[in-house]
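As a plain string of letters, each chain reads:
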Amino acid sequence: MTNIKRIHIAAGIILNPTKDGIFITQRAAKAHKGGFWEFAGGQVEAGETAETAVIRELDEEVGICATGIEHFLSLSHDYPDKCLTFDFFLISEFRGEPFGKEGQPGRWVKIKELGLFEFPEANGPVLAKLKAMFL
């Protein structure tokens with residue numbers, strides 16, 4: 001992986017009030033890993049912390065104001081064309097109701113049903129930890 005810049009991504013795992021469901025969104029067909037499902041989030045900008053970035057991204061992508069935020073997992077994953085570092089956060093409290101603010105499909109899914117959805121490979125450890133914690 002020479003000459004490929006590592007991109008830092010902050011993503012929010014938005015839990016419903018009973019903590020048995022998560023809001024997920026579907027990536028645009030033309031995007032990297034298009035059509036796969038994901039946890040809303042995006043790139044950490046210069047001068048931002050990962051936590052600040054996830055708050056901003058959740059407002060931009062799914063229209064919520066995250067107020068209950070807990071760091072969940074950090075990991076790195078290299079694809080042939082992209083090197084990514086992730087910080088995932090559990091979002092247990094928020095104002096607003098999440099929806100696909102940028103036109104992307106979004107839906108609430110029971111944690112036990114996450115395996116029915118195709119996520120990018122980098123999300124494997126996150127899905128495993130969620131199942132271990134909440135099922």
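Predicted, not measured: the structure shown is a model, and the values here were computed from it.

Enquirer: Explain the pairing of strand β5 (residues 65-79) here, please?
Expert: Summarising the sheet, β5 and strand β6 (residues 82-95) pair through 13 bridges and their orientation is antiparallel. Bridge pairing links Glu-70 to Leu-90 in β6. The turn joining β5 and β6, which pair antiparallel and follow one another in sequence, is formed by two residues.

Enquirer: Before we go on, may I ask you to explain the packing of aromatic side chains in this structure?
Expert: The relative placement of two aromatic rings is captured by the distance of their centres and the angle of their planes. Tallying each qualifying case throughout the model produces five aromatic pairs. Summarising the aromatic geometry, the rings of Phe-86 and Phe-88 are spaced 5.3 Å apart at their centres and angled 15 degrees between planes, so their arrangement reads as stacked. The structure contains a cluster of three or more aromatic residues connected by ring pairs, namely Phe-39, Phe-86, Phe-88 and Phe-119. One Lys or Arg, Lys-33, reaches over the ring of Phe-36 and ends 5.4 Å from the middle of that ring. Above the plane of the ring of Phe-72 lies Lys-129, whose end atom (NZ or CZ) is 4.6 Å from the centre.

Enquirer: Which parts of the structure should I look at to understand the UniProt feature "binding site: Mg(2+)" (unreviewed entry) in the chain?
Expert: Feature annotation in UniProt assigns "binding site: Mg(2+)" (unreviewed entry) to the following positions: Gly-41 and Glu-61. Spanning 21 residues, the named residues form one tight spatial group whose C-alpha atoms are at most 7.3 Å apart. Once you skip the residues sitting within four places of it in the chain, Gly-41 turns out to touch Ala-10, Ala-11, Glu-57 and Glu-61. By secondary structure assignment, the location of Glu-61 is in helix α1 (residues 50-62).

Cut-offs and rules
- Think of each chain on its own: its residues are numbered from 1, step by step along the sequence as written.
- Whole-chain, interface and lining totals are the exception, using all residues; otherwise, since this is a predicted model, local features are given only for residues with pLDDT of at least 70 and side-chain atom pairs are given and counted only at 80 or more.
- To obtain the side-chain values, all non-hydrogen atoms of the structure were included, while hydrogens and water were left out.
- Strand pairing requires that DSSP identify at least two bridges connecting the strands.
- For the purposes of this entry, the term helix denotes a DSSP run of H or I that reaches at least four residues, the term strand denotes a run of E that reaches at least two, and both are numbered from the N terminus.
- Stacked, edge-to-face and tilted are the three classes for Phe, Tyr and Trp ring pairs, Trp counted by its six-membered ring, which pair at centre distances within 6.5 Å; planes under 30 degrees apart are stacked, over 60 edge-to-face, the rest tilted.
- When the NZ atom of lysine or the CZ atom of arginine is within 6 Å of a ring's centre and also within 35 degrees of its normal, the charge is said to sit over that ring.
- UniProt positions are given in the numbering used here, feature names are shortened, and annotations may be inferred rather than shown by experiment.
- We call two residues contacting when some pair of their heavy atoms lies within 4.5 Å.

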